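# Structure assessment
Here are the chains, one letter per residue:
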Amino acid sequence: MLAGAGVAVRVELEYSNGQNILGLFTHRKLSISVGYAATAFVLAILEGNTQPGVWFPEEVRGIATKARKLLLERTTQGATNFVMNKTSSMVETGQN
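To keep things clear, this report deals only with the structure shown in the data block. (Residues numbered from 1 in each chain as written. Predicted model: local features only at pLDDT ≥ 70, side-chain atom pairs only at ≥ 80, totals over all residues. Heavy atoms only, no water.)

### Regarding the layout of surface pockets
Leftover empty space is mapped by rolling, across the atoms, a probe with the size of a water molecule. For the largest pocket, the calculated volume is near 420 Å³. The set of elements that each furnish at least two residues to the lining of the largest pocket consists of strand E1 (7-14), strand E2 (20-27), helix H1 (30-46), helix H2 (68-75) and strand E3 (81-86). Together, 14 residues line the second largest pocket, and Phe41, Trp55, Pro57, Ile63 and Leu71 are the ones closest to its centre. Looking at the lining of the second largest pocket, the elements that each hand over two or more residues are H1 and H2. At three residues, H2 tops the list of elements feeding residues into the lining of the second largest pocket. Class assignment for the residues of the lining of the second largest pocket results in nine nonpolar, four polar and one charged. (1 Å grid on protein atoms, 1.4 Å probe; cavity = no way out; pocket = protein on both sides within 12 Å on 5 of 7 lines; lining within 4 Å. Points joined across faces, edges and corners; volume = space filled by probe spheres on them. Helix = DSSP H or I, 4+ residues; strand = E, 2+ residues; numbered from the N terminus. Nonpolar A, V, L, I, M, F, W, Y, C, P; charged D, E, K, R; others polar.)

### Observations regarding the side chain of His27
Relative to the helices and strands, His27 is located in strand E2. A polar atom in the side chain of His27 sits 3.2 Å from the backbone oxygen of Gly78. Excluding residues that lie within four positions of it along the chain, His27 makes contacts with Gly6, Val7, Ile32, Ser33, Tyr36, Gln77, Gly78, Ala79 and Thr80. (Polar contact = N/O pair within 3.5 Å; in protein donor to acceptor, adjacent residues only side chain to side chain. Contact = heavy atoms within 4.5 Å.)

Printed below as a string of structure tokens:
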């Protein structure tokens, strides 16, 4: 039996040409992960990289393109696994 408060998110994208890529995020503690994410977004607001509210990334008030890498670094602190833009076979064979 598994019990706990971990979190995992896997997003797979299939292009019209048949190419597949994925992103994967796992963390042992959901509450800590949420804390890092909330803090990262507050810092982005304070630094002027986004406006308060909920935005799609492509919206004008969404997170500035130049600030996205820093946002991901901050939100994924303590993650047990974080990969983006990899093929399924690369992730499953450990070719991160």
